[in-house]
Amino acid sequence: MQTLLFIIVSVLVIAVIIYVSNSQNKKKKQQQNLLYSEFSQEWKSILMQKILFYRNLDAEDKELFEKQLLRFLATKKIEAVSTSIDDTVRLMVASSAVIPTFAFPNFNYPSVRTVLIYPGSFDEDFNTVKHKNHQQFITGMVGNKGLKGTVILSKPDLLAAYNGSRTKHNVGIHEFVHLLDGTDGDIDGIPERLMENSYVGSWLFEIKDEMEVIMKRKSDINPYGLTNNAEFLAVVSEYFFSSPKSFKKKHPDLYEYLVDIFDQEL
Ligand SMILES: [Zn+2]
């Protein structure tokens, strides 16, 4: 009799567990679907106001862009550290990720889990408070070691990247281009997955040539690009996506390389 009671109770407990977990999964799925299917009018108007890249897309591509933003927002955490964030900031982060990869709709930054938004620029120890004799100059970074899977962006610099005041600088695009560059295993300025092998040699020559022009101070490209090939790619990509027309006019050869790398004619 006791055994029978035990079996009945066990079956009931298992049934309850299955029911609860099913309804939780269903709820989760519903939330996710909601997130994927909805792009509010308010969000569209934020994009129209703030994101030049979006403004320049036709209706069909705008919809595609929105879908890619939703997928990014549904799969990555965006967290504020000692500051606050709103939908404008969230959309700016997601746009920074989607703009360079717009031609590769299946790519969703597999190595990224979290984007941290800092209240300002920071030093190597991630301190945002100014110390004597200590310069703070980092506005964004791709985390490694303990911070693997994390991207850090300074909020005022992210906002400035999309308010029209910075025509060549975009900290968000800079960091996400590093991540795209690193998908072949190395953040080295040569995004092998996006380039044909036969193209790599001439790309390296192009970098060297342009670096020489920057060194002679005859280029309007940010001299930070001289740091190494990876920074060069990130810096010219910021300019390419922020002011494509003037970039094309001033740097026609570089422009063609970037069109080829990102598979986008701007
Ligand atoms: Zn960099």
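J.: Help me understand the overall build of the protein chain in this model?
T.: If you tally the helices and strands in the protein chain, you get 11 helices and 4 strands. Looking at the 266 residues of the protein chain, the share that counts as buried comes to 30%.

J.: Even after reading the chapter, I still don't get helix α8 (residues 197-215), so can you show me in this structure?
T.: In an α-helix there are 3.6 residues to a turn, and that puts residues three or four apart on one side. Over its 19 residues, α8 runs 28 Å from end to end, which matches the ideal 27 Å to within 8%, given 1.5 Å per residue. Immediately downstream of α8, the backbone of R217 shows phi near 60°, a positive value.

J.: Help me understand the pairing of strand β2 (residues 114-118) in this model?
T.: Walk down a regular strand and you will see the side chains alternate between the two sheet faces. Two elements, strand β1 (residues 77-80) and β2, share 4 bridges in a ladder whose sense is parallel. Its bridge partner lying in β2, K77 is registered against T114. Handedness of the crossover joining β1 and β2 through helix α5 (residues 87-101): left-handed. Judged from the 5 bridges that link them, β2 and strand β4 (residues 150-154) form a sheet pairing that is parallel. Looking at β4, one finds that T114 is bridged to T150.

J.: Hey, could you run me through the environment of F122 in this one?
T.: Tracing the backbone through its elements, the reader meets F122 in the loop between β2 and β3 (140-142). Residue F122 is classed as buried on the basis of its C-beta count, with 20 C-beta atoms lying within 10 Å. Between the C-alpha atom of F122 and that of G140, which follows or precedes it by 18 residues, the distance is 8.4 Å.

J.: Please explain the packing of α8 against helix α11 (residues 252-262) as it appears in this structure.
T.: The axes of two packed helices give the description: the angle between them and the distance between them. Running from N to C, α8 and α11 cross one another at 145°; their axes reach a closest spacing of 11 Å. For the crossing formed where α8 meets α11, the hand is left-handed. Contact residues: W203, E206 and E210 in α8; D253, L254 and Y257 in α11. Here the residues of the contact of α8 with α11 sort into 3 nonpolar, no polar and 3 charged.

J.: Explanation requested: the packing of helix α9 (residues 229-242) against α11 in the structure shown.
T.: Contact pair α9 / α11: the axes reach a minimum separation of 11 Å and the direction vectors enclose 90°. Between α9 and α11, the angle is such that the two are roughly perpendicular. Along its contact with α9, which presents V236, S237 and F240, the element α11 presents L254, Y255 and L258. Looking at the contact of α9 with α11, its residues break down into 5 nonpolar, 1 polar and no charged.

J.: Would you explain the sheet that holds β2 in this entry?
T.: Strand pairing in a sheet is mediated by backbone hydrogen bonds. Such pairs are either parallel or antiparallel. The strand order β1-β2-β4-β3 describes an open sheet built from 4 strands, whose pairing is mixed. Edge positions in the sheet fall to β1 and β3, since each of these pairs with one other strand and no more. Sheet twist, expressed as the mean angle between neighbouring strand axes with direction ignored, is 15°. Sitting on the sheet, helix α7 (residues 171-181) touches β3 and β4, and the angle it makes with β3 is about 15°.

J.: Explanation requested: unusual backbone geometry in the structure shown.
T.: Across the chain, the bulk of peptide bonds are trans and the bulk of non-glycine residues have phi less than zero. One non-glycine residue, K145, adopts positive backbone phi at about 50°. Looking at where K145 falls in the secondary structure, it is placed in the loop between β3 and β4. The exposure class assigned to K145 is exposed, which follows from the 5 C-beta atoms found within 10 Å. Positive phi values are uncommon outside glycine, yet R217 reaches one of about 60°.

J.: Explain the nonpolar core here, please?
T.: Taken as a class, soluble globular proteins show a tendency for nonpolar side chains to be buried jointly. Within the largest apolar cluster, 54 residues are counted, with the highest numbers of intra-cluster contacts made by V93, A94, V98, L153, V236, F240 and L258. Not counting chain neighbours up to four residues away, the residues in contact with L258 comprise V236, S237 and F240.

J.: How should the confidence of the model for the protein chain be read in this particular structure?
T.: Low-pLDDT stretches of the model should not have their predicted coordinates read in fine detail. Residues at a pLDDT of 70 or more form 83% of the protein chain, whose mean pLDDT is 87. In the predicted structure, residues 28-34 sits below a pLDDT of 50 and forms 1 contact with residues beyond four places in sequence or in another chain.

J.: Quick question: what am I supposed to make of the environment of N229 here?
T.: Considering the arrangement of structural elements, one finds N229 in helix α9. Between the C-alpha atoms of N229 and K208, which are 21 residues apart in sequence, the distance is 8.8 Å.

How each quantity is defined
- Residues numbered from 1 in each chain as written.
- Predicted model: local features only at pLDDT ≥ 70, side-chain atom pairs only at ≥ 80, totals over all residues.
- Helix = DSSP H or I, 4+ residues; strand = E, 2+ residues; numbered from the N terminus.
- Buried ≥ 20, exposed ≤ 12 C-beta atoms within 10 Å, placed from the backbone.
- Expected span 1.5 Å × (residues − 1).
- Pairing = 2+ DSSP bridges.
- Right-handed = clockwise from strand over helix to strand, strands pointing away.
- Axes fitted to C-alpha atoms, helices over the stretch in contact; angles between N-to-C directions.
- Left-handed = near helix turned anticlockwise from the far one by under 90°.
- Contact = placed C-beta atoms within 7 Å.
- Nonpolar A, V, L, I, M, F, W, Y, C, P; charged D, E, K, R; others polar.
- Parallel < 35°, antiparallel > 145°, perpendicular 65-115°, else oblique.
- Core = buried A, V, L, I, M, F, W, Y, C linked by C-beta atoms within 7 Å.
- pLDDT = per-residue confidence, 0-100.

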